[in-house]
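Coordinate analysis (summary)
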Amino acid sequence: MSYRLGVDIGGTFTDLALFDERNSAMTIHKLLTTPDDPARAVLQGVHELLAMAGAPIEHVTALIHGTTLITNAVIERKGSRCAMLTTAGFRDVLDIGIENRYDQFDMRLKYPRPLVERTLQLEVDERVGPDGEIRRPLDEDEVRCVVARAVERGAESLAVCLLHAYVQPAHENRIRAIVESAFPDLPVSTSAEVLPFMREFERWTTTTINAYTQRMADSYLRRLEDGLAGMRFSGQFYIMASNGGTVTPATARRFPVRLLESGPAAGVLMSSHLGRLLEAPNLLSFDMGGTTAKGALVIGGEPQKKYELEVAHVHEHKAGSGFTVKIPVIDMVEIGAGGGSIADIDERGVIRVGPRSAGAVPGPACYGRGGTEPTITDANVLLGFLDPAFFLGGRMRLDFEAAGTAMRQRVAEPLGVSLMRAAWGVHQTVNENMAQAFRLHASERGYDYRNFTMTAFGGCGPIHAARIARILHIPRVIFPVGAGVMSAFGLLVSPLSFETVRSHPLAVDHMTDDDLAAAFAAPIAEATSFLDRAGVPARDIRVKRRLDMRYRGQGYEIEVVLPDSDGRLTGVADLPGLFNHEYARIFSAAQLNEPLEIVNLKVEALGPRPAMAKGCHLAGIASGARLKGSRQVYRPEADDLVDCPVYDRYALRPGDVVAGPALIEERESTCVINSGDAVRVDADLNLIADIALSGRN
């Protein structure tokens, strides 16, 4: 008997899923996150879940963990005091940025302050040219003096960010060796190791975030490891990375910046797994939890990836107003709209929802924990979508009156509307905002949602999904089994992996196949080495290769995937055709007769994908009658509360059909089915909703 355990920490709830590999049974659990020490909720949740399943911890072979800890540390400025050592004359790069205005007409623009304070932005006399030639040797005595000065000023970690280190890392490597010898307790992050990328602002920002969070990540992982050891856990412990793969704790400690989108990536991975099982290769993965909502594209059964994201926005998630980070990450659009997002009236006199959140403490007003501001969850309780007596399966009772008081005082009375209209305004504002963000995200990438299927999960996702699908004209929505904890499921299907990107400018018309193979040799060796150290046999490691290419003279590039077919590696002669095909897909034409150049090489090494049997079932959940009863639910068509049937999801069986309007309740969420929509239960107990697209209500 063996088990795999997934644990995902969100801003409001911590989700857990335990998979019994013997009988394909899944036991799930959800509890409030403990913001003061997230490890406490993890250890408490593991203890409670194993007790629920009757599973000895000694039989858990792997625990896979996703966390928003690194993102929160950057947003909340809770990392360690970090120093930066850079080439003489370049200490101002972090403050100058790329001189881009994210709003041309706002004269009061703000940008996030660098994570390294001015007094700890230090210089060292050295210079490497863009060709990798050492033009001014490193002054090692100066390095010791400068680092000693940083330590005297309170530095707790060090980011080494030298000019052109991506081409020639010798000086950065030597500084690391000096610091590790003279200051062994000072964590060091070098830009050539964290991100061998040619644009120094992005490379240095990424490296400083890595250094800023290194101590905190180490401390957190140590608390988890010690707590699990105290519970007699002896299996493998892995951490979800932003690219949808998992890494060992050693890799997570070395590169905490790669965990920035750790938790959200897991849900997208599970969506792609579900899409492959249900033969729905093109998906919009919609995840709405307690703090944020995320949308991601799955194309041909695979999540779409990118190598840049922004964190710690100072202007409501507006592009350009956050830290630019270069790491491999699943391509998601995120907005500050979760169950705990606060609703109020903006300066124009209209409803505004988020990005401020009530979080887990104090939480929405209906939690009865001291919250006084109305949230999305409060609106959904008032509208009848959530049963106050059945939240988390009845383990947590919601306060309907507190939700009404908050909504009335902060929204209804200022607008001069009824309580129900105010709650509906909050609910529909969120739907429209998310639909707009998802539509823009897809159109920028050249995709049309009308041919897609949506997967809806997270605690709030199933409540809002059908409305959003109708707005986007998405014809079908899948509500998977255990939708409320689906990100924890995703952790269980994630393979060990490591990705690297390396700037390596090359002119295609001057290359040979041997040149291409030689360029890939070092990044392939680097990526596979991490899996080798994790114990993955070489025969089980798959390698994916990609190139960033452009017409010579262009400022930015597009990604080209190099397929390997019939055992033959893609050669230089194949590159123009691959590039033109991708260029035409994005821009509708590829007619330039210009030479091509390679800018970056990308390598992803993957281990075997963990198996999860099709048709796994939820264990330990009792079901009753198929129809639980009815509840008063607000219907905008009638502008009033109307009687709506309520179904027990756990009592539904394959082949059952439910016509909207209806509510289908499970412990962690509620599926809201609108008028005209129809739901059928498939063989694996997923709910497949066909959306009526004639109207938008």
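The following paragraphs examine the structure supplied in this document. (Residues numbered from 1 in each chain as written. Predicted model: local features only at pLDDT ≥ 70, side-chain atom pairs only at ≥ 80, totals over all residues. Heavy atoms only, no water.)

Some details on the overall build of the chain
Keep this limit in mind: Put simply, DSSP marks the helices as runs of H or I at least four residues long and the strands as runs of E at least two long, and each gets a number from the N terminus on. To get the radius of gyration, use the C-alpha atoms; to get the globule rule, take the number of residues to the power 0.38 and multiply by 2.2 Å. For this analysis, residues touch if any pair of their heavy atoms sits within 4.5 Å.
A count of helices and strands for the chain gives 16 helices and 36 strands. A globule of 697 residues ought to have a C-alpha radius of gyration of about 26 Å, and the chain, at 26 Å, matches this closely. Projected onto its principal axes, the C-alpha positions of the chain cover 80 × 60 × 60 Å. Of the contacts formed within the chain by residues at least 6 apart in sequence, a portion of 69% connects residues at least 24 apart.

Some words on the pattern of salt bridges
Threshold: Every case where a carboxyl oxygen of Asp or Glu lies within 4 Å of a side-chain nitrogen of Lys or Arg is listed as a salt bridge. Burial here depends on accessible area, computed with a 1.4 Å probe over protein chains only, as a share of the maximum for the residue type. Under 20% is buried, over 50% is exposed, and the range in between is partly exposed.
Tallied over the entire structure, the rule returns 54 salt bridges. The shortest N-O distance in the salt bridge between Asp125 and Arg136 comes to 3.1 Å. Residue Asp125 is located in the loop between strand 6 (121-124) and strand 7 (127-128), and its partner Arg136 is located in strand 8 (residues 134-136); the two are separated by 11 residues in the primary sequence. Classification of Asp125 as partly exposed rests on a relative accessible area of 32%. Under the relative-accessibility criterion, Arg136 is labelled partly exposed at 38%. Residue Arg649 pairs with Glu666 through a salt bridge whose shortest N-O separation is 3.0 Å. Here Arg649 is found in the loop between strand 31 (640-648) and strand 32 (657-659), whereas its partner Glu666 is found in the loop between strand 33 (662-665) and strand 34 (670-673), with 17 residues between them in sequence. The class for Glu666 is buried, based on a relative accessible area of 2%. Via salt bridges that share partners, Lys305, Glu499, Arg546, Asp548, Glu559, Lys602 and Glu604 belong to a single interconnected network.

Quick word on the sheet that holds strand 6
Filter applied, for reference: A pair of strands is considered paired only if DSSP assigns at least 2 bridges between the two. The axes used here are C-alpha line fits, helices contributing only the stretch in contact, and every angle between their N-to-C directions lies in the interval 0 to 180 degrees.
Overall, parallel pairing links the 4 strands, which are arranged 6-5-9-10 in an open sheet. The sheet is open, and its two borders are formed by strand 6 and strand 10 (188-190), each paired with just one other strand. Adjacent strand axes in the sheet meet at a mean angle of 25 degrees when their direction is disregarded. Alignment of strand 9 (residues 157-161) against strand 10, held across 3 bridges, turns out to be parallel. In the sheet register, Val160 faces strand 10, and the bridge partner there is Thr190. Along the sheet face, helix 5 (residues 170-182) touches strand 5 (82-87), strand 6, strand 9 and strand 10 and points at about 175 degrees away from the line of strand 10. This element, helix 7 (residues 200-230), spans strand 5, strand 9 and strand 10 of the sheet and lies at about 165 degrees to strand 9.

Comments concerning the pairing of strand 1 (residues 3-9)
Across the 7 residues that make up strand 1, a large majority, 7, are buried. Burial along strand 1 is two-sided: the face carrying Tyr3, Leu5, Val7 and Ile9 and the face carrying Arg4, Gly6 and Asp8 are both buried. Looking at chain direction, strand 1 and strand 4 (residues 60-66) are connected through 6 bridges and run parallel. Note on strand 4: the bridge partner recorded for Gly6 is Ile64. Here strand 1 pairs with strand 2 (residues 13-20) via 7 bridges, running antiparallel.

Focus on the nonpolar core
One recurring pattern in soluble globular proteins is that nonpolar side chains are buried together. We count it as follows: Only buried Ala, Val, Leu, Ile, Met, Phe, Trp, Tyr and Cys residues count toward a nonpolar core, and they belong to the same one when joined by side-chain atoms within 4.5 Å.
Judged by nonpolar contacts, the single largest core of 146 residues is most densely connected at Met26, Val46, Leu85, Ile175, Leu547, Met549 and Ile598. Broken down by element, this core gets its largest block of residues, 11 residues, from helix 7. In this structure, Ala343, Ile351, Leu392 and Val681 belong to the second largest nonpolar core, which totals 77 residues.

Some details on unusual backbone geometry
The amide bond that connects Gly660 to the next residue, Pro661, takes the cis arrangement and shows omega of 5 degrees. Structurally, Pro661 can be placed in the loop between strand 32 and strand 33. Phi at Glu279 is positive, roughly 55 degrees, even though this residue is not glycine. Its place among the elements puts Glu279 in the loop between helix 9 (262-277) and strand 13 (283-288). The class for Glu279 is exposed, based on a relative accessible area of 72%. Notably, His473 is not glycine yet its phi reads approximately 60 degrees, a positive angle. Considering the arrangement of structural elements, one finds His473 in the loop between helix 13 (461-472) and strand 24 (476-479).

Some words on the packing of helix 4 (residues 140-152) against helix 5
This is how it is decided: Oblique is the label for any angle not under 35 degrees, not over 145, and not in the 65 to 115 range, which are roughly parallel, roughly antiparallel and roughly perpendicular in turn. Each helix crossing is assigned a hand: it is left-handed if the near helix lies turned anticlockwise from the far helix by less than a right angle, otherwise right-handed if that turn is clockwise. All amino acids are sorted into three groups, where Ala, Val, Leu, Ile, Met, Phe, Trp, Tyr, Cys and Pro are nonpolar, Asp, Glu, Lys and Arg are charged, and the leftover types, Gly among them, are polar.
At their nearest, the axes of helix 4 and helix 5 sit 10 Å apart, and the two run at 55 degrees to each other. Between helix 4 and helix 5, the angle is such that the two are oblique. Read as a crossing pair, helix 4 and helix 5 show a hand that is right-handed. In this structure, helix 4 contributes Glu140, Val143, Arg144 and Val147 to the contact, and helix 5 contributes Arg174, Ile175, Ile178 and Val179. In terms of residue class, the contact of helix 4 with helix 5 is made up of 5 nonpolar, no polar and 3 charged.

Here's the deal with the side chain of Glu499
Convention followed: We call two N or O atoms a polar contact when they sit within 3.5 Å, provided that within protein one can donate a hydrogen and the other can accept it, with sequence-adjacent residues counted only if both atoms are side-chain atoms.
Looking at the secondary structure, you find Glu499 in strand 25 (residues 497-507). At 2.9 Å, the side chain of Glu499 and the side chain of Asn243 are in polar contact. Looking at Glu499, its side chain comes within polar contact range of the side chain of Tyr307, at 2.6 Å. Those residues in contact with Glu499, other than ones at most four positions away along the chain, are Asn243, Arg258, Lys305, Tyr307, Pro328, Arg546, Val603 and Glu604.

With respect to empty space enclosed by the protein
Spelled out, the test is: Here the term cavity refers to a set of points on a 1 Å grid, laid over the protein atoms alone, in which a 1.4 Å probe fits but cannot get out; the term pocket refers to an open set having protein on both sides within 12 Å along at least five of seven lines, with lining residues being those that place an atom within 4 Å of a point. Grid points are joined across faces, edges and corners, and a volume is the space filled by probe spheres set on the points.
What the rule picks out here adds up to 5 cavities of 30 Å³ or more. There is about 50 Å³ of room inside the second largest cavity. For the lining of the second largest cavity, the elements supplying multiple residues, two or more each, are strand 12 (246-247), strand 25 and helix 15 (513-533). Taken together, the residues that form the lining of the second largest cavity break down as 6 nonpolar, 4 polar and no charged.

Details of the packing of helix 2 (residues 69-76) against helix 7
For the pair helix 2 and helix 7, interaxial distance at closest approach is 10 Å and the crossing angle is 125 degrees. Judged by the angle between their axes, helix 2 and helix 7 are oblique. Regarding helix 2 and helix 7, the two cross each other, and that crossing is right-handed. Residues Leu69, Ile70, Ala73 and Val74 of helix 2 form the contact with helix 7, whose own contacting residues are Ile209, Tyr212, Thr213, Met216, Ala217 and Tyr220. When its residues are assigned to classes, the contact of helix 2 with helix 7 shows 9 nonpolar, 1 polar and no charged.

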